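# Structural features, examined
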Amino acid sequence: MKQKQFACYECDTLITITSINEGEVASCPRCHHHILDKKYDSINRTLAISGTGLLLFIPATFFPLMSMQLLSVESSASLMSGISALWQTELYLVATLVFAFCALAPLIKLTTAFLVCFGFKHNRHQHPIYKQLLLFYHHVDSWEMLEVFLIGILVSIIKLKDMADLSFNLGLLCFSALMLCVLSLKITLDKQMIWDDLNYER
Ligand SMILES: [Zn+2]
C-alpha cells in the first residue's frame with residue numbers, strides 16, 4: 001500500500017496517509033486543516049473540460065464579444081482585435097499582458113491538462129515528458145486573469161449602456177464558457193494523484 005507523509009500547512013504536524021478514496025478528504029487531526037483531497041473521476045472529467053475549453057478557444061478569442069452602435073456607426077471587437085488595437089495605439093505592455101494572461105495562459109493550461117490526462121488514461125504517462133508537462137501546468141496555474149478581463153468587460157458594458165446601443169455576440173458566450181472551463185480545472189484536475197503515480201512509475 002502506498003504510504004506518504006505530509007506536513008500540515010497550518011500547524012506542521014506530520015501525518016502519514018496510506019490511501020484515501022475518490023471524493024474523500026484527509027484532514028489534520030490537530031487543527032482539522034485539509035491536507036489532501038482525492039478528486040472524483042479526475043482524469044475523465046478533466047479530459048472532458050479541457051477538451052471543451054480547447055474547442056471554445058478559437059470562437060472565444062476571434063469572434064466579436066459585443067457590438068456597439070453609436071450615431072449610426074456600428075463597431076464590434078473580439079479579444080484579438082482588442083489586443084491588436086492596444087498594440088497599434090503603442091500600449092505595447094498592456095497588449096502583451098492581456099495576450100499573455102487572457103489568451104496564452106488559458107491555452108497552455110487547457111493543452112497541458114488535456115495531454116497529461118490523455119497520456120494517463122491511455123497508460124502512456126511513463127514517458128518523462130508528462131512529468132515536465134505537469135510541472136509546467138503547475139507553474140502556469142496562477143497565471144491567468146480571465147475573471148478580471150470578464151469583470152472589465154462587464155464594467156464597460158454598464159458604463160456604455162446609456163451612451164450607445166450595445167448587443168452581445170456569440171464570442172462573449174464562448175469566452176464566458178471558456179472561463180468556466182479553465183476555472184473548473186482547479187476542481188477536477190488531481191495534480192497530487194497524477195504526480196504520485198508519475199513518481200511511483202519511475
Ligand atoms: Zn494541522
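Remember, it's a predicted structure, so these values are computed and weren't measured experimentally.

The next thing to look at is the environment of A103. With respect to the helices and strands, A103 occurs in helix α3 (residues 92-121). When its relative accessible area of 2% is taken as the criterion, A103 is described as buried. When the C-alpha atoms of A103 and Q5 are compared, they prove to be 38 Å apart, with 98 residues separating the residues in sequence. Leave out the neighbours within four places in its chain, and A103 touches F57, T61, L79, M80 and V98.

A separate point is α3. In this model, α3 (30 residues) spans 41 Å end to end at C-alpha, consistent with the 44 Å of a helix rising 1.5 Å per residue. The largest bend in α3 amounts to roughly 35 degrees and is located at A100. N123, located one to two residues past α3, shows a positive phi value of around 55 degrees.

Bringing the pattern of salt bridges into the picture now. A pair can form between side chains of opposite charge whenever their charged atoms are brought close. Enumeration over the complete set of coordinates arrives at three salt bridges. The shortest N-O distance in the salt bridge between K191 and D141 comes to 3.0 Å. Placement of K191 in helix α7 (residues 191-201) and of D141 in the loop between α4 (129-140) and α5 (146-160) is noted, with a sequence separation of 50 residues between them. Taking relative accessible area as the criterion, D141 reaches 15% and is therefore assigned buried.

Right, let's get into the coordination of the zinc ion. Only C8 (SG), C11 (SG), C28 (SG) and C31 (SG) from the protein reach the zinc ion as donors, at distances of 2.3 Å. For the zinc ion, the four donor atoms in the first shell make angles of 103 to 117 degrees at the metal, a pattern classed as tetrahedral. Of note, the donors binding the zinc ion are all from one chain and are spaced C-x2-C-x16-C-x2-C. Taken together, the residues span a long stretch of sequence, with C11 in the loop between β1 (4-7) and β2 (14-17) and C28 in the loop between β3 (25-27) and β4 (34-37) at a distance of 17 residues.

For the rest of this paragraph, the subject is the environment of A100. Along the polypeptide, A100 turns up in helix α3. As a C-alpha pair, A100 and E144 span 44 residues in sequence and 8.0 Å in three-dimensional space. Discounting chain neighbours no more than four positions away, the residues touching A100 are A105 and W143.

Turning our eyes to something else, we now look at the sheet that holds strand β5 (residues 66-70). Taken in spatial order, the three strands make up an open sheet running β6-β5-β7, and their pairing is antiparallel. Since the sheet does not close on itself, it has two edges, and those belong to β6 (73-77) and β7 (165-168), each with one partner. Neighbour to neighbour, the strand axes of the sheet diverge by 20 degrees on average, direction disregarded.

A word on the UniProt feature "transmembrane region" (unreviewed entry) in the chain. UniProt marks residues 47-71, 91-120 and 166-185 with the feature "transmembrane region" (unreviewed entry), using the numbering shown here. Annotation note: span residues 91-120, helix share 97%, strand share 0%, distance between end C-alpha atoms 42 Å. The straight-line gap between the two end C-alpha atoms of residues 166-185 is 32 Å; of that span, 80% is helix and 15% is strand.

Next up on the list: the packing of helix α2 (residues 79-88) against α3. The geometry of α2 relative to α3 is characterised by a closest axis approach of 7 Å and an angle of 160 degrees between their N-to-C directions. Comparing the axis directions of α2 and α3 gives the class roughly antiparallel. The element α2 and its partner α3 pack so that their crossing is left-handed. Residues L79, M80, I83, L86 and W87 of α2 pack against Y92, V94, A95, T96, V98, F99, C102 and A103 of α3. Of the residues in the contact of α2 with α3, the class split is twelve nonpolar, one polar and no charged.

Definitions and cut-offs
Residues numbered from 1 in each chain as written. Predicted model: local features only at pLDDT ≥ 70, side-chain atom pairs only at ≥ 80, totals over all residues. Heavy atoms only, no water. Helix = DSSP H or I, 4+ residues; strand = E, 2+ residues; numbered from the N terminus. Buried < 20%, exposed > 50% of the residue type's maximum accessible area, 1.4 Å probe, protein only. Contact = heavy atoms within 4.5 Å. Expected span 1.5 Å × (residues − 1). Bend = angle between axes of the 7 residues up to and from the residue. Salt bridge = Lys/Arg side-chain N within 4 Å of Asp/Glu carboxyl O. Donors = N, O, S within 2.8 Å, 3.2 Å for Na, K, Ca; no water. Tetrahedral: all angles 85-135°; square planar, octahedral: opposite > 155°, others 65-115°. Pairing = 2+ DSSP bridges. Axes fitted to C-alpha atoms, helices over the stretch in contact; angles between N-to-C directions. UniProt positions renumbered as here; feature names shortened; annotations may be inferred. Parallel < 35°, antiparallel > 145°, perpendicular 65-115°, else oblique. Left-handed = near helix turned anticlockwise from the far one by under 90°. Nonpolar A, V, L, I, M, F, W, Y, C, P; charged D, E, K, R; others polar.

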